[in-house]
Amino acid sequence: TRLFALPQETLVGKYGEGTKLIYELQDQGGELLALRYDLTVPFARYLAMNKVNNMKRYHVAKVYRRDNPATTRGRYREFYQCDFDIAGQFDPMIPDAECLKIVHEILSDLQLGDFVIKVNDRRILNGVFAVCGVPESKFIPACSTVDKLDKMPWEEVRSEMVGEKGLSPEAADRIGEYVQLHGGLDLIERLLQDPKLSQNKLAKEGLGDMKLLFEYLTLFGITGKISFDLSLARGLDYYTGVIFEAVLLQQENEHVEEPVSVGSVAGGGRYDGLVGMFDPKGRKVPCVGVSIGIERIFSILEQRLEASGEKLRTTETQVLVATPQKHLLAARLKLISELWDAGIKAEMLYKKDPKLLKQLQYCEDTGIPLAAIVGEQELADGVVKLRDVATRKEVRM
């Protein structure tokens, strides 16, 4: 557990409403610890502790959340994330654009079907709240409610804002005019001309950067899958600028009655203040990063394989060493040892006298393409019979 456990105060206060999902470990010999909730906060802590100002890294590891599991949707309490982060002081939006390019490339290469990457900026959102008359103390609660717009209609979001979060109905209506907008460069231009928003310093900065980001994304040739979406809020407190989330639009196999909605498969953004929280002198290191939900993606791939009846090959084994008669374990062990020493990926069944049919069936089940067969005749002739499992052709060598 020590590998994943951090002092509780390291995690608390970084995740907004997510804090209630932190896995706390009750008193561990006098220490209050918690399991890591993501890979971003530990990364920021690492940069601060080691005084690193400049770093580009990826990290695949487990994280933990006291969530309600929904395994069909790839939602677990213990799951893998793959993070990619760029830390350092650079010119605006260049690393941010690269992070989006990487998400686009990964989701395209995995062929998961149609997807969209929603992009917004915390500063634009805060500007919207300010011009709509939301007091600053209510920005974060309002933010986490707006973030639910992809799961529930505006009417429900509005009533939660007014009923639970204590916003005035007028403010909620004004917010509604903005957060239901989405588009591209044209929308950014329109908002830059908006009489209320353009007066707000934060929103103006955010929109200026968003325009720059879209120019870079156009050069990368990926704007077709990117949507500037004012409802995107991402519930985490540590974001300071650009935020993004990749969403799968629908399952490819249309003949399934209910397309399985897995929602978000990747998310990220800019968190320029997080490293400073861990630095004794408050030294800041600007960072931008992305996190990809591995189990989420696996659950989609598994459902697609199941629907298509395809078999996924889970091994790289090139050859199975097999014997057709009894009492030939020694011949198999000697041959497999030679193959291993030659750098060939080989396997054998862990039985003294397996039946040949069973060994060949194992090849078919796991997709091993070749079987190297040594029987008494082969041993006497000093040869090995190599069988192509799919075509059943054999050659002696």
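Residues numbered from 1 in each chain as written. Predicted model: local features only at pLDDT ≥ 70, side-chain atom pairs only at ≥ 80, totals over all residues. Heavy atoms only, no water.

Bringing the overall build of the chain into the picture now. Regarding its fold elements, the chain presents 14 helices and 16 strands. Taken over C-alpha atoms, the radius of gyration comes to 27 Å for the chain, far larger than the 21 Å a tight globule of 397 residues would show. The C-alpha extent of the chain, read off along each of the three principal axes, is 90 × 55 × 40 Å. Out of the 397 residues in the chain, the part that is buried amounts to 49%. Just so you have it, the chain exposes about 20700 Å², and 53% of that area is on carbon and sulfur atoms. In the chain, which carries 52 positive and 58 negative side-chain charges, the distance between the mean positions of the two groups comes to 4 Å. (Helix = DSSP H or I, 4+ residues; strand = E, 2+ residues; numbered from the N terminus. Rg over C-alpha atoms; globule rule 2.2 N^0.38 Å. Buried < 20%, exposed > 50% of the residue type's maximum accessible area, 1.4 Å probe, protein only. Areas by Shrake-Rupley, 256 points an atom, 1.4 Å probe, with all protein chains shown as cover. Lys, Arg positive; Asp, Glu negative; His and termini not counted. Charge placed at Lys NZ, Arg CZ, Asp CG, Glu CD.)

Our next topic: the sheet that holds strand S16 (residues 394-396). The strand order across the open sheet built from five strands is S13-S12-S14-S15-S16, with neighbouring strands paired in mixed fashion. Single-partner strands in this sheet number two, and they are strand S13 (346-347) and S16. Bridge count between strand S12 (residues 319-322) and S13: two bridges; the pairing is parallel. Across the sheet, the residue bridging to leucine 320 is glutamate 347, located in S13. The sheet contacts of helix H12 (residues 329-341) involve S12, S13 and strand S14 (370-373), and relative to S12 the element is tilted by about 155°. Strands S12, S13, S14 and strand S15 (385-388) of the sheet are contacted by helix H13 (residues 356-366), whose axis makes an angle of about 175° with S12. (Pairing = 2+ DSSP bridges. Contact = heavy atoms within 4.5 Å. Axes fitted to C-alpha atoms, helices over the stretch in contact; angles between N-to-C directions.)

Quick look at the pattern of salt bridges now. One pass over the structure, following the stated rule, counts 22 salt bridges. Aspartate 121 is the salt-bridge partner of arginine 123, the closest N and O atoms lying 2.8 Å from each other. By the burial criterion, arginine 123 is buried, and aspartate 121 matches it. (Salt bridge = Lys/Arg side-chain N within 4 Å of Asp/Glu carboxyl O.)

Next up on the list: the packing of aromatic side chains. One pass over the full model with this rule turns up three aromatic pairs. Ring geometry for phenylalanine 129 and phenylalanine 139: centres 5.8 Å apart, planes at 50°, overall tilted. Highlighted residues: phenylalanine 129 in helix H4 (residues 122-131) and phenylalanine 139 in helix H5 (residues 139-146), separated in sequence by 10 residues. An identical accessibility class is assigned to phenylalanine 129 and phenylalanine 139; each is buried. Every member of this aromatic cluster is reached through a ring pair, and the members are Tyr238, Tyr239 and Tyr271. Positioned over the ring face of phenylalanine 43 is arginine 57, at 4.0 Å from the centre of the ring. Directly above the ring of phenylalanine 115 sits lysine 225, whose terminal nitrogen or CZ lies 5.4 Å from the centroid. (Phe/Tyr/Trp six-rings, centres within 6.5 Å; stacked < 30°, edge-to-face > 60°. Lys NZ or Arg CZ within 6 Å of the ring centre and 35° of its normal.)

On the surface, Tyr58, Val60 and Tyr80 cluster together to form a nonpolar patch covering roughly 330 Å² of accessible area. Within the element layout of this structure, valine 60 appears in strand S4 (residues 55-64). (Patch = residues over 30% accessible without salt bridge, like charges linked within 9 Å, V, L, I, M, F, W, Y side chains within 5 Å.)

Moving on, we come to the side chain of threonine 40. Inspection of the secondary structure puts threonine 40 in helix H2 (residues 40-49). Here tyrosine 238 takes part through its side chain, which lies 3.5 Å from a polar atom of the side chain of threonine 40. With residues near it in sequence (within four places) discarded, threonine 40 still touches Asp83, Tyr238, Tyr271 and Leu274. (Polar contact = N/O pair within 3.5 Å; in protein donor to acceptor, adjacent residues only side chain to side chain.)

This next bit is on the UniProt feature "binding site: L-histidine" (unreviewed entry) in the chain. When the UniProt feature table is mapped onto this chain, "binding site: L-histidine" (unreviewed entry) is found at Asp38, Leu39, Thr40, Arg65, Gln81, Asp85, Arg234, Tyr238 and Tyr239. By the secondary structure assignment, tyrosine 239 is in the loop between strand S8 (226-229) and strand S9 (242-248). According to the relative accessible area criterion, tyrosine 239 is buried, its value standing at 8%. Ignoring any residue separated from it by four or fewer positions in sequence, one finds tyrosine 239 in contact with Arg122, Arg234, Gly268, Gly269, Arg270 and Tyr271. (UniProt positions renumbered as here; feature names shortened; annotations may be inferred.)

Now for the environment of aspartate 381. Mapped onto the fold, aspartate 381 is located in helix H14 (residues 376-381). Overall, the relative accessible area of 38% leaves aspartate 381 in the partly exposed class. When the C-alpha positions of aspartate 381 and arginine 396 are compared, they lie 9.9 Å apart, and in sequence the two are 15 residues distant.

Helix-helix packing is characterised by the crossing angle of the two axes and by the distance between the axes. Between H5 and helix H6 (residues 154-163), the least distance of the axes is 9 Å, while the angle of their chain directions is 160°. Our classification of the angle between H5 and H6 gives roughly antiparallel. For the pair H5 and H6, the sense of crossing is right-handed. Contact residues: H5 offers Ala142, Thr145 and Val146, while H6 offers Val157, Glu160 and Met161. Counted by class, the contact of H5 with H6 contains four nonpolar, one polar and one charged residues. (Parallel < 35°, antiparallel > 145°, perpendicular 65-115°, else oblique. Left-handed = near helix turned anticlockwise from the far one by under 90°. Nonpolar A, V, L, I, M, F, W, Y, C, P; charged D, E, K, R; others polar.)

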